[in-house]
Amino acid sequence: DWLNSDIGNTTVTVELSWNNSQSEKRVPVNIMASSFVAVASVCSAAEAHGCSHHDLVNNNCDSQRRHVDQDIAQWYQAYEASMYNPAVVPAIRGVIKRIGTGPWGSGVWFGDSQMYFMTMLLATNLLSNVGLDYYYYDRFCENEGNQCFVLGKDGCAACIQQSRSGVDSSRCGTVTLNDMVEQFAGQSTQNLYSQLTPVHGPPGQVFDLLHHSSKSE
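Novice: Would you mind going over the confidence of the model for the protein chain with me for this structure?
Specialist: Regions with low pLDDT carry predicted coordinates that are not meant to be interpreted in detail. Confidence in the prediction of the protein chain, expressed as mean pLDDT, is 92, and 96% of residues score 70 or more. Across the protein chain, helix H4 (residues 113-125) holds the top mean pLDDT of 98, while strand S1 (residues 11-19) sits lowest at 83.

Novice: Explain the pattern of salt bridges to me, please; I cannot follow it from the model alone.
Specialist: Note on pairing: side chains with opposite charge can pair once their charged atoms come close. Counting across every chain of the model gives six salt bridges. A salt bridge links Asp 112 to Arg 65; the nearest nitrogen and oxygen atoms lie 3.1 Å apart. Linking Asp 112 in the loop between strand S3 (98-101) and H4 with Arg 65 in the loop between helix H1 (53-57) and helix H2 (68-79), this pair joins segments that are 47 residues apart in sequence. The closest approach of N and O atoms between Lys 153 and Asp 179, which form a salt bridge, is 3.0 Å. Linking Lys 153 in the loop between strand S4 (131-134) and helix H5 (156-163) with Asp 179 in helix H6 (residues 177-184), this pair joins segments that are 26 residues apart in sequence. The class for Asp 179 is partly exposed, based on a relative accessible area of 22%.

Novice: What exactly am I supposed to notice about the packing of aromatic side chains here?
Specialist: The description of an aromatic ring pair rests on the distance of the ring centres and on the angle between the ring planes. Scanning the model with the defined rule gives six aromatic pairs in all. Centre to centre, the rings of Phe 117 and Phe 207 are 6.0 Å apart; their planes meet at 70°, and the pair counts as edge-to-face. With Phe 117 in helix H4 and Phe 207 in helix H8 (residues 206-216), this residue pair connects regions lying 90 residues apart in the sequence. Measuring from centroid to centroid gives 5.6 Å for Tyr 137 and Phe 140, while their planes differ by 50°, and the two rings are tilted. Owing to a relative accessible area of 24%, Phe 140 belongs among the partly exposed residues under this scheme. Grouped by ring-pair contacts, the aromatic residues Trp 75, Tyr 79, Trp 104 and Tyr 116 constitute a single cluster.

Novice: What's the story with the nonpolar core in this structure? I'm lost.
Specialist: The biggest cluster of nonpolar side chains holds 43 residues, and the ones touching the most others in it are Trp 75, Tyr 79, Ile 99, Met 118, Leu 196 and Phe 207. Contributions of two or more residues to this core are made by H2, helix H3 (89-95), H4, S4, H5, H6, helix H7 (189-196) and H8. When residues of this core are assigned to their parent elements, the largest contribution, eight residues, is made by H4. The residues touching Phe 207, leaving out its near neighbours within four places in the chain, are Gln 114, Phe 117, Met 118, Val 150, Val 175, Thr 176, Leu 177 and Met 180.

Novice: Looking at this structure, I do not really get empty space enclosed by the protein. What am I missing?
Specialist: The tally for this structure, following the rule as stated, stands at one cavity of 30 Å³ or more. Put simply, the largest cavity is a space of about 40 Å³. Around the largest cavity, the lining residues are Gln 64, His 67, Val 68, Asp 71, Met 115, Tyr 116 and Thr 119. Only H2 and H4 provide two or more residues apiece to the lining of the largest cavity. The element best represented in the lining of the largest cavity is H4, accounting for three residues. A class-by-class count of the residues in the lining of the largest cavity yields three nonpolar, three polar and one charged.

The rules behind each value
- For every chain, the first residue of its written sequence is number 1, and the numbers climb from 1 along that sequence.
- Only residues with pLDDT of at least 70 are given local features in this predicted model, and only at 80 or more are side-chain atom pairs given and counted; all residues enter the totals for whole chains, interfaces and linings.
- Hydrogens are left out, water is left out, and the side-chain values use all remaining heavy atoms of the structure.
- pLDDT expresses how confident the predictor is about each individual residue, on a scale running from 0 to 100.
- Numbering of helices and strands starts at the N terminus; helices are DSSP runs of H or I of at least 4 residues and strands are runs of E of at least 2.
- Salt bridge, as applied in this entry: a Lys or Arg side-chain nitrogen positioned within 4 Å of an Asp or Glu carboxyl oxygen.
- Partly exposed describes any residue whose relative accessible area lies between the buried limit of under 20% and the exposed limit of over 50%, with all areas from a 1.4 Å probe on protein chains only and scaled to the type maximum.
- Only rings of Phe, Tyr and Trp enter the pairing, Trp through its six-membered ring, and a pair is recorded when the two centres are within 6.5 Å. The plane angle decides the type: under 30 degrees is stacked, over 60 is edge-to-face, the rest tilted.
- Here, nonpolar core means buried Ala, Val, Leu, Ile, Met, Phe, Trp, Tyr and Cys residues that are tied together by side-chain atoms lying within 4.5 Å of each other.
- In this description, contact between two residues means that some pair of their heavy atoms is separated by no more than 4.5 Å.
- Buried and open spaces are told apart on a 1 Å grid over the protein atoms alone, a cavity being a set of points where a 1.4 Å probe fits but cannot get out and a pocket being an open set with protein on both sides within 12 Å along at least five of seven lines. Residues with an atom within 4 Å of a point are the lining residues.
- Grid points are joined across faces, edges and corners, and a volume is the space filled by probe spheres set on the points.
- Gly falls in the polar group here, along with every residue not listed as nonpolar (Ala, Val, Leu, Ile, Met, Phe, Trp, Tyr, Cys, Pro) or charged (Asp, Glu, Lys, Arg).

Okay, structure coming up:
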């Protein structure tokens, strides 16, 4: 029963519209103010090319960092209103104001949690007036401990210990997700893309590599 408890009941009025040969019709409709969207990322485990499971859960495979374009496309197509039938575009724009997500791409498909955070940050910035709320877990059921890497010096090792997972705390980097947000704040999405797509492979963690690259410029 807990799964069905505290279900939201807030609604919002949006317009559905359609055209026929004579006129355009607009109808106000009440719909739920929030919704669940299922978006498939690239399966990093399927692209591992001989990289072990141990290396996958420790963000230690170069292949985990080589499908940014596909993931950006998946995210954008799911949340950009203009990708849908014109009849429902006003409804989508009326509802999608913020996207709440956890370890998209780095759950059961074992992607690089730092790479996916940057990918989501980039792809969300391509949308119009949509914000991103990112939630991290020490024991996410499908890849426990991996999301701890986004904490860097602010608690990665303690998070891994709390998770009681097989993730290697020696793989913790220094730079945090908050450092990344601060570093790229006010910069163009193109600038982030130009630094993210060629990012070097392991052993360095993505955040550390991006931060070092920025300091070297």
